[in-house]
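Close look at the chain arrangement
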Amino acid sequence: MDLTTVSLAGLIALALLFDYTNGFHDAANAISTVVATRVLPPRWAVAWAAMFNLIAFTIFGTLVANTVAATVKEPYVSLAVIFAALLGAITWNYLSWYVGVPTSSSHALVGGLVGAGLAAAGTDAIRASSLQKTALFVVISPIAGLVVGYLLMALMRLVLARRDVARTERGFRVAQLASSAAISLGHGGNDAQKTMGVIAATLVATGHLEGGDHLDIPMWVVLAAHAAIAAGTLSGGWRLVRTMGMSITELRPVSGFAAETSAAAAIFASTAVGAPVSTTHTVAGAITGVGSANGGAPVNWSVFGRLAIAWIVTIPFSAGCAAAVYALTTIPVHPLAIGLVTTLLLALLGALWLALRNAPRASDISAELAAGPGGETAVPVRPGAGSVIVYGHEGVREEGRSASSRGTGRGPPL
């Protein structure tokens, strides 16, 4: 077995590792709302999401994979460029997960490809059309999620105004199973394709796949990418579930359904046009939009602001990491390059192992949901409005009761 084949196998393994980190990093996108609204226990929620991540390949094509594969022009794609891009993206995924900030694995990967391509050959290496499509959807995805979420929540408040509270809540607990499945399908269908694109570009660079404007992605690549992201989703990502499902705004089954449905619609549309959209941006935008339309569920704009800053930083940070890694791998003194890169890999793997060992687990999230600081109280709002579980906040509870008694339609969220 020659060195090129060994390097190819190693890069494919690294790409699948990125896909795995994408899964546990972005698991919160698919499960945060269904966990926050108590429709599914945390462990069941990740299993539900992972199943739909896995089968998404039966529905979606490979347009997104082709967009990602074309970020760096074919003549400039090399094993060193792919390695640097993946390591830059994995580093950002790890750091943002560690501090509990949901960011885009998709944009981290694109940033890594851009940084490595620029380090290798300057601006000539970057295909402007692919980068522009990605950059455009950095802005479009959260706005689309927010606007659609706001409109759908406002419509549902109008339609459900005189419905029985308990019956409405029961019905939307079932409906949320379908909407969370749709998010998981969209996540698997869009995000797994990023890894497919990287592996396909690697195969082209080593002569194992014919290049061109539209790559024919082998089925084994498709299956491996979906299996890796499903395995990552199954592992949880509980640190980010807290941020997405419990920090932006309070959710109940009605509002959770609205957020998931809005985000899924935006993700499906983006995947159909081949845009590597961020499921994180879209879901966070939808949750924010739903909270904005739900008068008694104030949005924590400081949390949303921190997320927005992290989204802006993702591509340049990943690009910088990838450029640095590329510089290390191409040091003329090969033993020194190998030693430095090996040390970097070991340090990253060690940090990841320690962080995962001390990370929140499903049982921690279950305990937080089941036993808030002041015990939990179900507070009805008005007919059709559902209810909210209030954790020992007398002001919020009293506001909900008084708003309900006045018939204003405001108060705790749907």
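Remember, predicted model here, so these are calculated numbers, not experimental data. (Residues numbered from 1 in each chain as written. Predicted model: local features only at pLDDT ≥ 70, side-chain atom pairs only at ≥ 80, totals over all residues. Heavy atoms only, no water.)

Time to look at empty space enclosed by the protein. Under the definition given, this model contains one cavity of 30 Å³ or more. In this structure, the largest cavity occupies an estimated 40 Å³ of space. In terms of lining, the largest cavity is formed by Val68, Ala69, Thr71, Val72, Val77, Ile82, Leu113, Gly197, Val198 and Ala201. The element contributing the most residues to the lining of the largest cavity is helix α7 (residues 165-205), with three residues. (1 Å grid on protein atoms, 1.4 Å probe; cavity = no way out; pocket = protein on both sides within 12 Å on 5 of 7 lines; lining within 4 Å. Points joined across faces, edges and corners; volume = space filled by probe spheres on them. Helix = DSSP H or I, 4+ residues; strand = E, 2+ residues; numbered from the N terminus.)

Look at helix α11 (residues 279-293): 21 Å from first C-alpha to last across 15 residues, which is about the 21 Å you get at 1.5 Å a residue. Of all 15 residues in α11, 14 are buried, a share of seventy percent or more. (Expected span 1.5 Å × (residues − 1). Buried < 20%, exposed > 50% of the residue type's maximum accessible area, 1.4 Å probe, protein only.)

Taking 1.5 Å per residue, 41 residues should reach 60 Å; α7 reaches 59 Å between its end C-alpha atoms and fits that length. At Ala175, α7 shows its largest bend, some 25°. (Bend = angle between axes of the 7 residues up to and from the residue.)

Turning next to the UniProt feature "transmembrane region" (unreviewed entry) in the protein. Mapped onto this numbering, the UniProt entry gives "transmembrane region" (unreviewed entry) at residues 46-69, 76-95, 107-123, 135-160, 217-238, 308-329 and 335-356. The distance separating the terminal C-alpha atoms of residues 135-160 is 38 Å; by composition the span is 96% helix and 0% strand. The span residues 308-329 is 100% helical and 0% strand by assignment, and the distance between its end C-alpha atoms comes to 32 Å. (UniProt positions renumbered as here; feature names shortened; annotations may be inferred.)

Relative to the helices and strands, Gln176 resides in helix α7. A polar contact of 3.3 Å, which involves the side chain of Gln176, links it to the side chain of Glu260. The contact partners of Gln176, leaving out residues within four places of it in the chain, are Thr33, Val34, Thr37, Val39, Pro253, Gly256, Phe257 and Glu260. (Polar contact = N/O pair within 3.5 Å; in protein donor to acceptor, adjacent residues only side chain to side chain. Contact = heavy atoms within 4.5 Å.)

Let's shift gears to the packing of helix α4 (residues 79-98) against helix α5 (residues 105-121). Two elements in contact, α4 and α5, have axes separated by 8 Å at closest approach and are oriented at 140°. Taken together, the axes of α4 and α5 are oblique relative to one another. Between α4 and α5 lies a crossing of right-handed hand. Mapping the contact onto sequence places Val81, Ile82, Ala84, Ala85, Leu86, Ala89, Trp92 and Asn93 in α4 and Ser105, Ala108, Leu109, Gly112, Leu113, Ala116, Gly117 and Ala120 in α5. (Axes fitted to C-alpha atoms, helices over the stretch in contact; angles between N-to-C directions. Parallel < 35°, antiparallel > 145°, perpendicular 65-115°, else oblique. Left-handed = near helix turned anticlockwise from the far one by under 90°.)

Okay, the nonpolar core next. Membership of the largest hydrophobic core comes to 54 residues, with the highest contact counts inside it found for Ile82, Leu86, Met196 and Ile217. Taken together, the elements giving at least two residues each to this core come down to α1 (3-36), α3 (63-69), α4, α5, α7, α8 (219-234), α12 (301-329) and α13 (334-358). Per-element accounting of this core gives the leading share, 12 residues, to α4. With residues up to four places along the chain from it excluded, the contact list for Leu86 reads Leu11, Leu14, Ala15, Phe18, Leu109 and Val198. Formed by 38 residues, the second largest nonpolar core is a distinct cluster that contains Leu160, Ile248, Val283 and Val303. (Core = buried A, V, L, I, M, F, W, Y, C linked by side-chain atoms within 4.5 Å.)

With that out of the way, let us pick up the layout of surface pockets. Its volume calculated, the largest pocket comes out at about 530 Å³. Contributing to the lining of the largest pocket are 16 residues, with Ser7, Leu79, Phe83, Thr329 and Val341 lying nearest its centre. Only α1, α4 and α13 provide two or more residues apiece to the lining of the largest pocket. Among the elements that line the lining of the largest pocket, the one with the most residues is α1, at seven residues. Its residues assigned to classes, the lining of the largest pocket comprises 11 nonpolar, five polar and no charged. (Nonpolar A, V, L, I, M, F, W, Y, C, P; charged D, E, K, R; others polar.)

Enumeration over the complete set of coordinates arrives at four aromatic pairs. Ring geometry for Trp48 versus Phe52: centroids 5.0 Å apart, planes at 65°, classification edge-to-face. Taken together, the positions of Trp48 and Phe52, both in helix α2 (residues 42-55) and four residues apart, correspond to about one turn of that helix. Judged by its relative accessible area of 27%, Trp48 is partly exposed. When the centroid spacing of 5.4 Å and the interplanar angle of 75° are considered together, the rings of Phe60 and Phe268 count as edge-to-face. Here the residue Phe60 occupies a position in the loop between α2 and α3, and Phe268 occupies one in helix α10 (residues 253-272), the gap between them amounting to 208 residues. Judged by relative accessible area, which is 31%, Phe268 ranks as partly exposed. (Phe/Tyr/Trp six-rings, centres within 6.5 Å; stacked < 30°, edge-to-face > 60°.)

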